[in-house]
Each structure stands twice: as structure tokens, then as C-alpha cells.
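Observations on the model geometry
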Amino acid sequence: MDIKEMLNLVKNGEMGVDEAQKILKDLPYEDLGYAKLDHHRALRSGFGETVFCQGKPDEYLVQIYRKFFERDGEVLGTRATKEQFELVKEAVPEVTYDPISRILKVERKNKEKTGCIAVCTGGTADIPVAEEAAQTAEYFGSNVDRIYDVGVAGIHRLLSNRERIGRANCIVAAAGMEGALGTVIAGIAECPVIAVPTSVGYGASFHGLSALLTMLNSCANGISVVNIDNGYGAGYIATQINRLAVR
């Protein structure tokens with residue numbers, strides 16, 4: 001439960017002090033021994049803790065996911081496998097899974113979304129990373145406009161979407177190969193651009209390293225770069241920028 005919401009319930013007499021104290025007792029974190037769940041994070045930063053599923057032992061993942069769900073009513077997991085989804089679903093039947101982004105989530109219905117983030121890709125192969133960014137931003141309350149397969153090899157595809165790009169408060173540009181998409185977009189947009197290098201390409205792309213170096217060495221202004229394939233990080237930062245834009 002949101003702390004502000006809880007305090008209002010106490011103030012209005014809709015929740016008892018003892019019940020509120022029970023909710024607050026696990027702040028700043030809940031210690032499971034093998035994991036310390038940061039229930040205080042949303043109060044500090046405006047974003048709740050996300051579960052990084054990759055590599056977690058099955059039993060730990062299920063218990064962590066269930067704990068967050070029981071407390072908050074929603075939870076976002078990233079880099080999940082289909083097998084992990086099946087395990088979590090036994091404990092949390094409400095959970096959904098997207099095999100493209102590998103996002104495992106339970107989300108509150110009728111969530112209000114604000115502003116606009118444009119998520120662009122160089123090609124179709126970049127969509128899994130872009131979807132991780134897009135769905136992260138939507139989960140945290142942003143409207144997202146997906147503009148896919150607009151790479152510089154056919155730059156007319158990108159330029160035909162300039163009006164949509166111009167409506168965004170922030171742009172995420174996911175691209176592999178040489179990774180030039182972020183630079184081109186930053187050259188035509190007035191809002192911040194977050195470039196995401198993807199591990200898409202042939203041998204000399206070095207699993208995304210060539211795109212990362214291109215983006216880091218961009219001659220365009222207003223562009224920042226996250227790690228290779230880090231769609232989640234891009235979606236998170238984009239939401240922070242979008243929130244400031246609509247504040």
C-alpha cells in the first residue's frame with residue numbers, strides 16, 4: 001500500500017493504528033535471510049523495487065514475488081523465463097508473462113498514465129529490449145508511443161514519424177549493429193534521448209559493444225546511454241524525465 005494512502009485512511013478513521021503499524025513494521029526492509037525486500041523504495045524514489053528474475057533460485061523467486069504481491073498488490077519482474085512464470089503463477093495466479101520482453105508482472109487495473117514517452121527501434125530484432133523499456137515505463141505510469149523499425153538504413157521511415165517524436169517528453173532509442181539511431185533522433189528532437197545499445201548484429205558488433213561505443217561517442221547533444229540490452233534502465237529513467245515534464 002502507498003504510505004500516503006495509508007496515512008489518509010488512518011486520518012479518516014478507515015484504518016486502525018494497529019493495522020497501520022503492522023504495515024510499517026517492515027520499513028525500511030523485510031529480511032528474508034537470503035534477500036532483503038526494500039519496501040521503503042517507493043517512498044524514497046517514487047518507484048517500488050523490481051524483481052530481477054534471471055539467475056534466482058526457484059524457491060527464492062517465488063517467495064520474493066509473493067511477498068511483494070501480498071504487500072503492494074502489484075509487482076514487476078524482469079528477465080523472466082517461461083518456466084519461472086509457470087512457477088510464480090502457482091503462488092500468484094494473477095501474474096502475467098510477456099515472452100518478448102520477458103516481463104513478469106501483476107499490475108493494478110485502471111492505473112492512471114501521464115505524459116508521453118516514445119520508444120523507437122532500429123529494427124524488429126531490437127523489439128525485445130524496446131518492449132522491456134516500454135512496459136517498464138507503462139508499469140510506472142507513463143504513456144508510451146511505440147515507433148518500431150525506423151533504423152537509419154531507411155531513414156525516411158524515421159523522418160515520416162517526426163510529428164510523433166515531437167510529442168514525446170523523452171525518447172528511448174534501441175538499436176544494435178552500429179547503433180546510429182540514437183544520434184539521428186537526438187539531432188531532430190528537442191527532448192532528452194536515452195540510447196540503448198542492443199546485442200544485435202554480426203561478429204564485429206561484439207554483442208552490442210560496437211553500438212555502445214557509437215552511442216557513447218555520439219556527436220549529438222541531449223543523448224545519454226544505458227548498458228547493453230538494458231531496456232529496464234531506459235524505461236525507468238525515461239519515466240523519471242516524463243514525470244518531471246508533466247509535474
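Computed from a predicted model, the values in this text were never measured in an experiment. (Residues numbered from 1 in each chain as written. Predicted model: local features only at pLDDT ≥ 70, side-chain atom pairs only at ≥ 80, totals over all residues. Heavy atoms only, no water.)

A few words on the environment of Ser160. Along the polypeptide, Ser160 turns up in the loop between α7 (155-159) and α8 (162-166). Residue class for Ser160 comes out exposed when judged on its relative accessible area of 58%. Along the sequence, Ser160 and Val150 sit ten residues apart, while their C-alpha atoms lie 9.3 Å from each other. (Helix = DSSP H or I, 4+ residues; strand = E, 2+ residues; numbered from the N terminus. Buried < 20%, exposed > 50% of the residue type's maximum accessible area, 1.4 Å probe, protein only.)

What follows concerns the sheet that holds strand β6 (residues 103-106). Adjacent strands of a sheet form backbone hydrogen bonds with each other and so pair up, either parallel or antiparallel. Within the open sheet, the four strands sit side by side as β3-β4-β6-β5. Their pairing is mixed. One side of each edge strand has no neighbouring strand; the edge strands of this open sheet are β3 (51-52) and β5 (96-98). (Pairing = 2+ DSSP bridges.)

With that settled, consider the sheet that holds strand β7 (residues 114-121). Ordered by their spatial adjacency, five strands build an open sheet running β8-β7-β9-β10-β11, and the pairing between neighbours is parallel. This sheet does not close on itself; its edge strands, each paired only once, are β8 (142-147) and β11 (223-225). Between one strand axis and the next, the sheet turns through 25 degrees on average, direction left out of account. Relative to β8, β7 runs parallel, the two being bridged by five bridges. Following the sheet pairing, Cys120 is matched in β8 by Ile147. (Axes fitted to C-alpha atoms, helices over the stretch in contact; angles between N-to-C directions.)

If you want to describe how two helices pack, look at the angle between their axes and the distance between the axes. Interaxial distance between helix α6 (residues 127-139) and helix α11 (residues 231-246) falls to 7 Å at its minimum, and their mutual angle equals 35 degrees. The two elements α6 and α11 meet at a crossing, and its hand is right-handed. Listed contacts from α11 to Val129, Glu132, Ala133, Thr136 and Ala137 of α6 are Gly231, Tyr232, Ala234, Gly235, Tyr236 and Thr239. Residues that form the contact of α6 with α11 fall into these classes: six nonpolar, four polar and one charged. (Left-handed = near helix turned anticlockwise from the far one by under 90°. Contact = heavy atoms within 4.5 Å. Nonpolar A, V, L, I, M, F, W, Y, C, P; charged D, E, K, R; others polar.)

Once that is clear, we can look at a nonpolar patch on the surface. A contiguous nonpolar surface patch, about 400 Å² in accessible area, is contributed by Phe206, Leu209, Leu213 and Leu216. Along the chain, the position of Leu216 falls in helix α10 (residues 209-216). (Patch = residues over 30% accessible without salt bridge, like charges linked within 9 Å, V, L, I, M, F, W, Y side chains within 5 Å. Areas by Shrake-Rupley, 256 points an atom, 1.4 Å probe, with all protein chains shown as cover. Salt bridge = Lys/Arg side-chain N within 4 Å of Asp/Glu carboxyl O.)

A word on the confidence of the model for the protein chain. On average, residues of the protein chain score 91 in pLDDT, and 95% of them are at 70 or above. Averaged pLDDT values for the elements of the protein chain fall to 66 in strand β1 (residues 30-31) and rise to 98 in strand β10 (residues 193-197). (pLDDT = per-residue confidence, 0-100.)

To continue, consider the environment of Gly231. Mapped onto the elements of the fold, Gly231 is located in helix α11. Along the backbone, Gly231 and Ala189 are 42 residues apart, and their C-alpha atoms lie at a distance of 20 Å. Beyond its immediate stretch of four places on either side in the chain, Gly231 contacts Arg79, Val129, Glu132, Ala133 and Val196.

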